[in-house]
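Breakdown of the fold
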Amino acid sequence: MFDEDGSLDPLLKFLLYAVLALAIGKMLWEWLTEDVSRWITVDLSGLIADHPWWTGFIVMGALVSLIFLAKLLSFLFGADTYAYVDQDEDYASSTPPSEAVDPDVLTFKMKQLAAMSATGFEQACADLLARDGFRSTRRVGGAGDLGVDVTARDHDDRLLILQCKQYAAPVGSGHLQKFNGTARLHHGADVPIMIGLNGFTQPATDFAAHHDLILMGPPELKKWAHGQHLYDVLGIPSTTQ
């Protein structure tokens with residue numbers, strides 16, 4: 001019903017304005033035909049007085065129906081408007097992230113990230129890295145990726161290895177154990193980061209803290225997606241920050 005910034009959903013706002021416009025139009029038409037006084041004082045007030053409970057049920061039912069219709073239309077038509085929904089792997093291999101987006105304005109809402117395909121989610125993370133000025137940003141996730149979805153280097157030439165989990169449930173410790181076994185030893189990561197769209201379990205959090213793995217849950221991901229630099233969000237020092 002409300003967007004992340006607290007504003008009313010645009011589609012619902014349009015429907016409410018449409019209902020208000022129709023009501024005003026009807027009143028003006030009745031006034032032009034000199035029946036508005038009878039319509040308000042006799043018809044409408046009489047209907048409410050005779051059937052107060054039914055009137056309340058009808059009003060509430062109309063509001064619930066409008067909200068349901070707005071959500072349905074948003075679900076059916078809204079997801080296709082996002083930049084990375086259902087994009088295939090050719091996008092990542094043929095278009096460098098730094099050229100695919102405007103690094104000055106790129107942001108995402110959490111509901112956009114949740115609606116993306118797994119490939120689109122990984123590519124969005126790669127593009128956010130490019131927006132923040134990281135070099136050699138590349139999405140490499142796929143079969144046999146050995147625990148790496150996105151790679152990049154910062155201005156201190158440190159290697160970032162990102163694994164992007166778009167799971168509906170919190171990420172468990174088993175995934176952290178596998179990531180720990182490949183991020184540094186196999187890939188040589190200086191900054192190993194696992195992103196969990198819906199957070200991490202407590203055992204996973206404890207394991208990451210013990211092995212110096214960096215976790216990015218919903219609060220941090222939201223700040224990053226909304227425009228803050230990755231290192232500012234995660235508290236990672238850099239000579240360029």
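Just above, that's the structure.
These notes cover the structure that comes with them. Being a predicted model, the structure only gives us computed values, none of them experimental. (Residues numbered from 1 in each chain as written. Predicted model: local features only at pLDDT ≥ 70, side-chain atom pairs only at ≥ 80, totals over all residues. Heavy atoms only, no water.)

1. Let's talk about the pattern of salt bridges
Quick note on the threshold: A pairing counts as a salt bridge when a side-chain nitrogen of Lys or Arg comes within 4 Å of a carboxyl oxygen of Asp or Glu. By the criteria applied, helices consist of DSSP H or I runs no shorter than four residues and strands consist of E runs no shorter than two, each listed in order from the N terminus. When a residue's accessible area, from a 1.4 Å probe over protein chains only, is under 20% of the maximum for its type it is buried; when over 50% it is exposed; and in between it is partly exposed.
In the structure shown here, the tally under the stated rule is 6 salt bridges. The shortest N-O distance in the salt bridge between glutamate 122 and arginine 139 comes to 2.7 Å. Highlighted residues: glutamate 122 in helix H7 (residues 118-131) and arginine 139 in strand E1 (residues 135-139), separated in sequence by 17 residues. Each member of the pair, glutamate 122 together with arginine 139, is buried. Arginine 153 is paired through a salt bridge with aspartate 157; the nearest N and O atoms lie 3.9 Å apart.

2. Side note on a nonpolar patch on the surface
Convention followed: What makes a patch is a set of residues exposed beyond 30% relative accessible area and free of salt bridges, joined within 9 Å when like-charged and within 5 Å when nonpolar (Val, Leu, Ile, Met, Phe, Trp, Tyr). Throughout, the Shrake-Rupley method with a 1.4 Å probe supplies accessible areas, and for residues the shown protein chains are the sole cover considered.
A cluster of nonpolar side chains, Leu16, Val59, Met60 and Leu63, forms an exposed patch at the surface whose accessible area comes to about 340 Å². The leading source of residues in the nonpolar patch is helix H3 (residues 52-78), at 3 residues. Structurally, the position occupied by valine 59 is in helix H3.

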